[in-house]
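This is what each chain is made of:
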Amino acid sequence: MAKLCLCLTAKTIQRNLEILNKYRKHTDLAELRVDCLDPDERLYIRRFPELAGLPVILTIRRDVDGGHFTGGEGARVKLLANGLAFANTDSRYNYAYVDIEDDFDVPSLEEAARTFGTKIIRSCHSLNGFTDSIPKKMKSMQRSGDEIVKIAVAVKSTNDVLQVLKASKKITAHNKILICMGHYGIYSRILAERFGSYLSYASALSESEVPGAPGQMDISELAELYRVQKITSKTKVYGIMGYPLKASVSPWFFNTVFNLENTDAVYVPFPTDSVNDLMEIAEGLDVKGFSITVPYKETIIPKLIKCSDMVQSIGACNTISRMEDGWHGDNTDCGGFSESLLEFINRKNLKYLKATIIGAGGVARSVASEIHRMGGKALILNRTVYKAKNIATKYNFKWGGLDNQGIELMLKFNDIIIQTSSVGMEGYEASDPLDLYSFTGDEVVMDLIYVPPVTPFLKRAMSAGCRTLNGYNMVIRQACMQYAHFTGTEIPQKLLSQINTTGANTWNKIRSA
Ligand code: ATR
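Here goes a summary of the coordinates provided. A quick note: this is a predicted structure, and the numbers were derived from the prediction, not measured.

Focus: the sheet that holds strand β15 (residues 326-330)
The six strands lie next to each other as β11-β10-β12-β14-β15-β13, forming an open sheet whose pairing is mixed. At either end of the open sheet lies a strand with only one pairing partner, and these are β11 (265-271) and β13 (306-307). The sheet contact formed by strand β12 (residues 287-292) and strand β14 (residues 319-323) spans three bridges and is antiparallel. For S291, the partnering residue across the bridge sits in β14 and is T319. Strands in contact with helix α9 (residues 250-260) are β10 (236-242), β11 and β12; relative to β11, the strand with the most contacts, it is inclined by about 170°.

Take a look at the structure:
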């Protein structure tokens with residue numbers, strides 16, 4: 001199990017103590033980032049371990065290593081010495097650890113620290129990727145057997161994360177801290193145990209404090225939602241792959257379910273730029289199943305050993321599970337979409353209804369197939385017309401572009417309008433993909449996006465008096481079906497009601513934190 005370290009980045013000692021007290025229940029140890037303190041406050045760091053009442057790491061991170069300390073090395077050594085001075089024979093009054101860099105060379109200070117039980121974390125921050133062999137580097141960094149060696153790499157791609165993971169498997173001899181900094185590496189912070197890391201650093205982001213390093217997550221999120229301190233080699237790991245993957249309800253949903261039913265499992269976001277590299281990482285981390293989202297619902301298919309008839313006929317896959325013979329693919333977007341829409345319009349099918357589908361990506365394939373299955377007719381409009389045509393011809397539907405001609409065609413296909421493109425989604429451009437169309441107010445309008453809950457497109461439809469629905473209900477329904485694929489069992493209804501009553505609100509609170 002990895003420990004959770006609260007990285008304290010406030011400007012004053014007092015504020016750091018307030019934060020520590022608030023999150024004490026999640027904190028195994030704290031790191032006082034002296035470089036983030038106001039210069040006057042740095043004079044009072046000596047008493048911090050006593051005031052904190054739990055093990056504290058003393059760190060003065062230089063700007064060249066991604067910190068805020070801009071003074072000279074002499075001044076830094078003096079500050080470190082102040083922090084470690086007047087050591088108490090009761091080690092609880094001393095810093096438990098001091099973080100000093102690989103190139104730090106003041107043996108007397110290290111000797112003094114050791115004498116009074118302060119352990120050394122020997123660190124190396126690689127802000128421009130990593131070219132050396134990490135295992136070799138770690139070996140060369142360690143100066144004595146009781147040191148913890150730390151390497152933090154700013155990862156710029158999934159391949160960088162893969163290299164770090166491979167390295168972590170080779171280093172078993174000693175205590176180490178391995179971190180992939182940045183968005184591509186966020187799962188290394190949740191799955192610190194799988195990366196063989198002694199601890200994972202977290203910040204008090206919900207207190208508006210700055211993260212101690214790029215990609216650091218909020219301590220409550222790591223402790224309560226992801227239950228990082230309980231992850232062991234036996235914990236079942238699931239996740240979601242996509243890019244940019246900035247706003248997905250799935251980690252909240254699955255982890256809440258696992259939490260409520262007390263299952264030893266975790267569901268982790270895996271933002272990625274390479275499906276191939278991530279599949280290799282999945283082997284290394286023993287991931288049992290993935291939800292697949294934008295833009296990989298089609299590209300994932302060649303990686304599967306087996307896929308359901310639905311995946312084969314539609315050409316889009318949003319759920320993969322690892323079986324003995326390899327990865328199997330399914331599609332739960334279809335079921336989630338049709339259940340959600342039929343409930344909204346209170347019908348059992350779409351006979352005699354004509355719909356327009358905006359977009360022709362992975363999820364549009366599922367939507368088109370379901371509209372056809374439910375007896376409806378449709379027009380598909382897409383920025384790239386040939387993609388709309390490819391899907392439409394399969395179901396004898398019409399197609400067009402997002403232009404005046406397309407809008408003209410829409411006038412006969414406007415009982416229901418379903419927006420499936422990524423336009424309006426958080427992380428993408430916040431515009432309206434159908435701005436050439438004027439709503440009559442009689443259309444049923446569904447936007448599959450749920451972050452933000454109301455896109456510019458949906459807002460305009462609402463103002464025109466249309467009945468509108470966003471994608472939240474659909475995503476929850478498809479996640480329930482995914483859960484069944486992953487675990488072989490259904491989510492108990494009672495548990496689902498429990499989540500639904502508080503669900504959207506709790507999730508939005510987490511999201512805005
Ligand atoms: P998903 O799996 O969610 O469907 P996708 O396969 O990446 O995601 O598809 C995204 C859809 O959003 C596509 O229809 C895309 O249009 P193109 O096929 O022309 O790329 C559409 N889309 C993305 N950005 C767009 C934009 N700025 N304007 C219009 N459509 C856009």
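What follows continues from the structure just given.
Some remarks on the site of the ligand
The environment of the ligand is formed by 18 residues, the closest being G362, N382, R383, T384 and E429. One nitrogen or oxygen atom from the main chain of G362 is found 2.9 Å from an oxygen atom belonging to the ligand. Backbone polar atom of S422 to an oxygen atom of the ligand: 3.3 Å apart, as the coordinates give it. Broken down by class, the residue content of the shell around the ligand amounts to six nonpolar, seven polar and five charged.

Re a positive patch on the surface
A contiguous patch of positive charge, built from K354, K377, K398 and K412, is present on the exposed surface. You can see K377 is positioned in strand β17 (residues 377-381).

Structural notes on the side chain of E101
Turning to its location among the elements, E101 is positioned in strand β4 (residues 97-101). Residue classification places E101 among the buried residues on the basis of a relative accessible area of 2%. A polar contact of 3.2 Å, which involves the side chain of E101, links it to the side chain of R61. Ignoring anything within four residues of it in the chain, the contact list for E101 reads I60, R61, R62, D65, R76, R122, S123 and R143.

Thresholds applied
Position numbers for residues count from 1 along each chain, tracking the sequence in the order it is written. Where local features are concerned, this predicted model is filtered to residues with pLDDT of at least 70; where side-chain atom pairs are given and counted, the filter is 80 or more; whole-chain, interface and lining totals use all residues. Side-chain metrics rest on all non-hydrogen atoms present in the structure, leaving aside hydrogens and water. If DSSP finds at least two bridges between two strands, the strands pair. In DSSP terms, a helix is any run of H or I states spanning at least four residues, a strand is any run of E spanning at least two, and both are numbered starting from the N terminus. In what follows, residue pairs with any heavy atoms lying within 4.5 Å of each other are defined as contacts. Angular values range over 0 to 180 degrees, each being the angle between N-to-C directions of two axes fitted as lines to C-alpha atoms, with helices fitted over their stretch in contact. Residues are labelled near a given molecule or strand when at least one of their non-hydrogen atoms is within 4 Å of it. Here a polar contact is taken to be a pair of N or O atoms separated by no more than 3.5 Å, where protein atoms must pair a possible hydrogen donor with a possible acceptor and residues adjacent in sequence count only if both atoms sit in side chains. When residue character is reported, Ala, Val, Leu, Ile, Met, Phe, Trp, Tyr, Cys and Pro are called nonpolar, Asp, Glu, Lys and Arg charged, and the others, Gly included, polar. Residues qualify for a patch when their relative accessible area is over 30% and they have no salt bridge, like charges being joined within 9 Å and the nonpolar side chains of Val, Leu, Ile, Met, Phe, Trp and Tyr within 5 Å. Residue-level accessible areas treat just the shown protein chains as cover; the underlying method is Shrake-Rupley with a 1.4 Å probe. Any Lys or Arg side-chain nitrogen found within 4 Å of a carboxyl oxygen on Asp or Glu counts as a salt bridge. Note that His is not counted, nor are the chain ends; the positive residues are Lys and Arg, and the negative ones are Asp and Glu. For the purpose of locating charges, the reference atoms are NZ of Lys, CZ of Arg, CG of Asp and CD of Glu. Only protein chains enter the accessibility calculation, which uses a 1.4 Å probe. A residue is then buried if its area is under 20% of the maximum for its type, exposed if over 50%, and partly exposed in between.

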